[in-house]
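Secondary and tertiary structure notes
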Amino acid sequence: MISESDLLAKVPTGLFIGGEWRSTEKTIDVTDPATGAVLVSIADASADDATAALDAAVAVQDEWAATAPRTRSNILRKAFDLMQERRDEFALLMTLEMGKPLAEAQGEVTYGGEFLRWFSEEAVRITGRYGVNPEGTGRTIVSQHPVGPCYLITPWNFPLAMATRKIAPALAAGCTVIVKPASLTPLTTLYFVKLLEEAGLPAGVVNVLTTSSSSAVTEPLLTDSRLRKLSFTGSTPVGQKLMQQAATNVLRTSMELGGNAPFVVFDDADLDAAVDGAMAAKFRNIGQACTAANRFIVQESVADEFARRVTERVQGFRIGRGTEEGVTIGPLIDGRAVKKAGELVDDAVSKGATLLTGGSAVDGEGSFFEPTVITDVKTGSQILREEIFGPVLAIVPFSDEADAIRLANDTEYGLVSYVFTKDLARGQRMIDKLETGMMGLNVGVISNASAPFGGVKQSGIGREGGFEGIHEYLSTKYTMTPVA
Ligand code: NAP
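This write-up is about the structure you can find in this document. Everything quoted here is computed from the prediction, not taken from an experiment. (Residues numbered from 1 in each chain as written. Predicted model: local features only at pLDDT ≥ 70, side-chain atom pairs only at ≥ 80, totals over all residues. Heavy atoms only, no water.)

**Re the pattern of salt bridges**
Note the cut-off: For this document, the term salt bridge refers to a Lys or Arg side-chain nitrogen within 4 Å of an Asp or Glu carboxyl oxygen. To qualify as a helix, a DSSP run of H or I must reach at least 4 residues; to qualify as a strand, a run of E must reach at least 2; elements of each kind are numbered from the N terminus. Burial classification: accessible surface area is computed with a 1.4 Å probe over protein chains only, and a residue below 20% of its type maximum counts as buried, one above 50% as exposed, and the rest as partly exposed.
A complete count under the given rule lists 29 salt bridges for this structure. Ionic pairing is found between Asp-55 and Arg-226, a salt bridge with its closest N-O pair at 2.9 Å. Of this pair, Asp-55 sits in helix α2 (residues 47-66) while Arg-226 is found in the loop between α8 (214-222) and β10 (229-233), placing the two residues 171 residues apart along the sequence. Arg-226 sits in the partly exposed class, given a relative accessible area of 29%.

Rendered as structure tokens:
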């Protein structure tokens, strides 16, 4: 296994524009959330750098769009293969900058890498239609074309997968891109783009901006008529602001926003499976996932037993730096996240919830919060309305199916819902009734490169992955031609 310092020395620290790595006078420190120590300093882009990146993306757009699909496919496939060779390095890098335990970081290399393989396969399957109009007088041709230069903004919580989930379909479709990773976790993206270079990606097709002033760098891009698309993953409030800016040029947008996932357990569920599912849906990524179960809506007759079993499992977790053997709960991303988790627990308890385990920040270096279970959470508690984004499992008992559906849908979000029941008819009713873009039926992890990921309501617009993912980067053109 490579040492931390050797790995960090291999990661580029500049902006990547037109195939060149550029340093800047100002820099940003990237820290390890488990210790607070600075890992490395990286370039800090300005608005001028953003324009230079767009110049580079625009300059090669036509050439990249005209590149044979097989060539684009081969580059993505080569990138997938290189990532498998370097999986330990990518995993360690994510653990260092984001904090997730190494085993989970390995899981993200698998998940994130799959987008490269999936879209290398999709690049050669972009199809259209040929038809006869109903009058029989003409022929209709429907064809797909790359949207054009895209701006991709990613969050800090899945530093690799959120980047590959956007970059791979954009490249497969024939679009050039500018990527802006979160300033808290930019290293994985920088290392990934270096890998793309090695895989043979031509200069200018992918450009990277790291910056401490996201809005100053973003605004000139969104208001430049040469940009054709914004794809954003992050919080709903920032997404709403970006959609307003994107309206200036009526940009195509894909929005992967926040969630407030219900996890519904009926009394006929396999409780062992529900507890396993709960652990994965809640504590993966230390609770910092848009897909994290936020509200455990559990039928009254099994709520106490469910609470007892999850508490037992949570008390077996080991907190520590993600690089340490056996650690299952790493740090939260920063002190603000720790404070928020504490405030949500305190608010729920002050309104009548019962604390079963955890509930506090961990003293000492790094931003750690104890894995926590609270039950009997009352209506009106903040924790039922906001994304917790921390290792806190909150249980709300319910009486009957109608009650469960009402509680599950009582949120402005609609990203993912989890349902545990052995009753097939009830499962089908829940598919129909829950306002959600995705559903885990008797399973606690749903993400898969082959499936369309995305939400309804304020959780977003558009889908990433699956057959749908590439269409976010394609425009449909229809041509009418008379019968010859
Ligand atoms: P965030 O604060 O909204 O930031 C997301 C990205 O937007 C970062 O790159 C951030 O850059 C940038 N940003 C922030 N303000 C901006 C502005 N005014 N203009 C342009 N860019 C701006 O979200 P986060 O805290 O990183 O991520 C957590 C959120 O993402 C949660 O709400 C989670 O549910 C959501 N998420 C959704 C999905 C999904 O697929 N639906 C997946 C993962 C996460 P800087 O940090 O450098 O400012």
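**Points about the environment of Phe-115**
For Phe-115, the location among the structural elements is in helix α5 (residues 102-122). A relative accessible area of 1% places Phe-115 in the buried class. Sequence-wise, Phe-115 and Arg-165 are 50 residues apart; in three dimensions their C-alpha atoms are separated by 5.7 Å.

**What about the side chain of Thr-24?**
Selection criterion: The definition of a polar contact used here is a pair of N or O atoms within 3.5 Å, where within protein one atom must be able to donate a hydrogen and the other to accept one, and adjacent residues in sequence count solely through side-chain atom pairs.
As for its placement among the helices and strands, Thr-24 is situated in the loop between β2 (20-22) and β3 (27-31). Overall, the relative accessible area of 18% leaves Thr-24 in the buried class. Polar contacts involving the side chain of Thr-24 include one to the main-chain carbonyl oxygen of Lys-26, which spans 2.6 Å. One polar contact links the side chain of Thr-24 to the main-chain amide nitrogen of Asp-44, over a distance of 2.9 Å.

**What to know about the site of the ligand**
Note the cut-off: When we say a residue is near a molecule or strand, we mean one of its heavy atoms is within 4 Å of it. Here the open area of atoms and residues is found with the Shrake-Rupley method and a 1.4 Å probe, where only the protein chains shown may cover a residue. Asp, Glu, Lys and Arg are counted as charged, while Ala, Val, Leu, Ile, Met, Phe, Trp, Tyr, Cys and Pro are counted as nonpolar; the rest, among them Gly, fall into the polar class. Segment limits for the domains were obtained from an automatic or database-derived domain assignment.
In the region of the ligand, 31 residues are neighbours, and Thr-154, Ser-214, Ser-235, Leu-257 and Glu-387 sit closest. At 2.8 Å from an oxygen atom of the ligand is found a side-chain nitrogen or oxygen belonging to Trp-156. One nitrogen or oxygen atom from the side chain of Ser-235 is found 2.6 Å from an oxygen atom belonging to the ligand. In isolation the ligand exposes 910 Å². Once the protein is present, 87% of that is buried. Contributions of two or more residues to the shell around the ligand are made by α6 (161-173), α8, β10 and α9 (236-246). Partitioned by chemical class, the residues of the shell around the ligand number 14 nonpolar, 12 polar and five charged. No fewer than three residues from each of domain 1 (4-257 + 459-480) and domain 2 (261-449) sit in the shell around the ligand.

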